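# Remarks on the overall topology
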Amino acid sequence: MNGKAGPRAAGEGNTRTRLDRGRGALGPALELVHTGRAPTRAVLTAELGVTRATAGAVAAELEALGLIRVDARPGAALGSQGRPSHRLEVAEDGPVVLAAQVHADGFRAALVGLGGRIVATAPGCETVDADPAKVLGSVVEAGAELLRQTGRRCVGAGLAVPSAVAEPEGLALNPLHLAWPAGSPVRRIFAERVRAAGIRGPAFAANDVNLAALAEHRHGAGRGARDLLCVATGHRGVGGALVLDGRLHTGSSGLALEVGHLTVNAEGRPCYCGSRGCLDVEADPLAFLTAAGRDPGPEVSLLQQANDLIRGHYADPAIRTATEELIDRLGLGLAGLVNILNPDRIILGGLHRTLLDADPERLRAVVADRSLWGQSGGVPILACTLHHNSLVGAAELAWQPVLDDPLAALAAA
């Protein structure tokens, strides 16, 4: 539902009339509470541009649907003026969505409530079969078991995959770090497995970094940014995403921001795409381990191995040199993106977050030296703050129909 509900008409004299006039505000009101931008009824009233009575009716309806809680107990600080406003928060015992993530080193399922709150997670699997149907069947079954254990109501499902996902078919075009066939119809397979498990509600699939950016914009380090650039490396490769004016920018067919294939070293490593020196192979965990002269072991993920070396052995000259090398490559890529996109904030995830923590001044200096806009004041570069942000982003996909139209979505589910 779009737009704001209008002010109360003259003669509107009962709660039902107010509610009827405020139904168009149910979705926007829920999104404000979901993202933490309306902690009180007074803020909700101001943000929606409606009367206090209509805001109260809208909040009451959302509470009746089991989506939020309205706390009427005094909440104003001592000495404050005026009557304290009712506090609003998402319902802790409300419905959930099934969120799933597949990556090169395994997969995970979780139940996620409103507000980006992870309610329950299943132990992650450490191997990924070459058959996407088998993998997605396993991850959905893990999620279905969580629903059986918790008894929670599920209203949809979302999947994060390490691949560009073409729209409108939902095809994983380049799952390069999985053994899946290119063009696997991951959305259709996921939806079929969700239905087979008896889970109601719509099912979605999208690129994992896109979803991480969406989650961080709504609940994490990207909150309040207008044009947010997210760059991250998890287990293999490098991904990017852009949130423009509050909306995830995916391009005409879902394939925007394939930043992993920016060339940052003309004489660098061969890339899977056929080029050489791409960010994808110059600034991911495997690139770091190689630069540090370490053979990747099978015990833990490449990401954990790289993070542990930087955090625990940064004084080692080989580790420090490798870290600086990756910082320089990453900074060069970020500078090019800043010149093209002019974001007002950059957030970094996975190993890139660890590189930022290790030497923030070096990374910021590389970006400033190589970018026009960096010279004019710099772009804030921050670390992602959410644990499992791609999982939370997958949940955001599934929550979106409820945020758009709570009544219709809950009735369908």
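Predicted, not measured: the structure shown is a model, and the values here were computed from it.

Turning next to the state of the cysteines. In total, this model carries zero disulfides according to the counting rule given. Free cysteine: cysteine 230, not disulfide-bonded; nearest cysteine sulfur from cysteine 384 at 4.4 Å. Among the residues examined, cysteine 230 registers a relative accessible area of 0% and is labelled buried.

On to the packing of helix H11 (residues 317-341) against helix H12 (residues 351-358), then. How two helices sit against one another is set out by the angle between their axes and by the gap between those axes. Direction vectors running N to C along H11 and H12 enclose 110 degrees, while the axes themselves pass 10 Å from each other. By the criterion of interaxial angle, the relationship of H11 to H12 is roughly perpendicular. In this structure, H11 contributes Thr323, Leu326, Ile327 and Leu330 to the contact, and H12 contributes Leu351, His352, Leu355 and Ala358. Tallied by class, residues from the contact of H11 with H12 come to six nonpolar, two polar and no charged.

As a further point, take the environment of alanine 91. With respect to the helices and strands, the residue alanine 91 is situated in the loop between strand E2 (87-90) and strand E3 (96-103). Residue class for alanine 91 comes out buried when judged on its relative accessible area of 6%. Sequence-wise, alanine 91 and glycine 115 are 24 residues apart; in three dimensions their C-alpha atoms are separated by 9.2 Å. Setting aside its immediate chain neighbours within four residues, alanine 91 contacts Gly66, Leu67, Ile68, Arg69 and Arg117.

Note the cis peptide between glutamate 167 and proline 168, where omega equals 5 degrees. Along the polypeptide, proline 168 turns up in the loop between strand E7 (165-166) and strand E8 (171-172).

Moving on, we get to the sheet that holds strand E11 (residues 239-244). Strand order in this open sheet of five strands is E12-E11-E10-E13-E14, and the pairing throughout is mixed. The sheet is open, and its two borders are formed by strand E12 (247-249) and strand E14 (381-383), each paired with just one other strand. Adjacent strand axes in the sheet meet at a mean angle of 30 degrees, parallel and antiparallel pairs treated alike. Where strand E10 (residues 227-233) and E11 come together, six bridges link them in antiparallel fashion. Paired with cysteine 230 across the two strands is alanine 241, which belongs to E11. Each of E10, strand E13 (345-350) and E14 is contacted by H12, which is oriented at about 110 degrees to E13, the strand it contacts most.

Pairing is mixed across the open sheet formed by five strands, whose spatial order is E5-E4-E3-E6-E9. One side of each edge strand has no neighbouring strand; the edge strands of this open sheet are strand E5 (118-121) and strand E9 (203-207). Between one strand axis and the next, the sheet turns by 25 degrees as a mean value, whatever way the strands run. With five bridges joining them, E3 and strand E6 (residues 154-161) adopt parallel strand pairing. Within E6, the residue paired with valine 96 across the bridge is cysteine 154.

Analysis parameters
- Residues numbered from 1 in each chain as written.
- Predicted model: local features only at pLDDT ≥ 70, side-chain atom pairs only at ≥ 80, totals over all residues.
- Heavy atoms only, no water.
- Disulfide = S-S within 2.5 Å.
- Buried < 20%, exposed > 50% of the residue type's maximum accessible area, 1.4 Å probe, protein only.
- Axes fitted to C-alpha atoms, helices over the stretch in contact; angles between N-to-C directions.
- Helix = DSSP H or I, 4+ residues; strand = E, 2+ residues; numbered from the N terminus.
- Parallel < 35°, antiparallel > 145°, perpendicular 65-115°, else oblique.
- Contact = heavy atoms within 4.5 Å.
- Nonpolar A, V, L, I, M, F, W, Y, C, P; charged D, E, K, R; others polar.
- Pairing = 2+ DSSP bridges.

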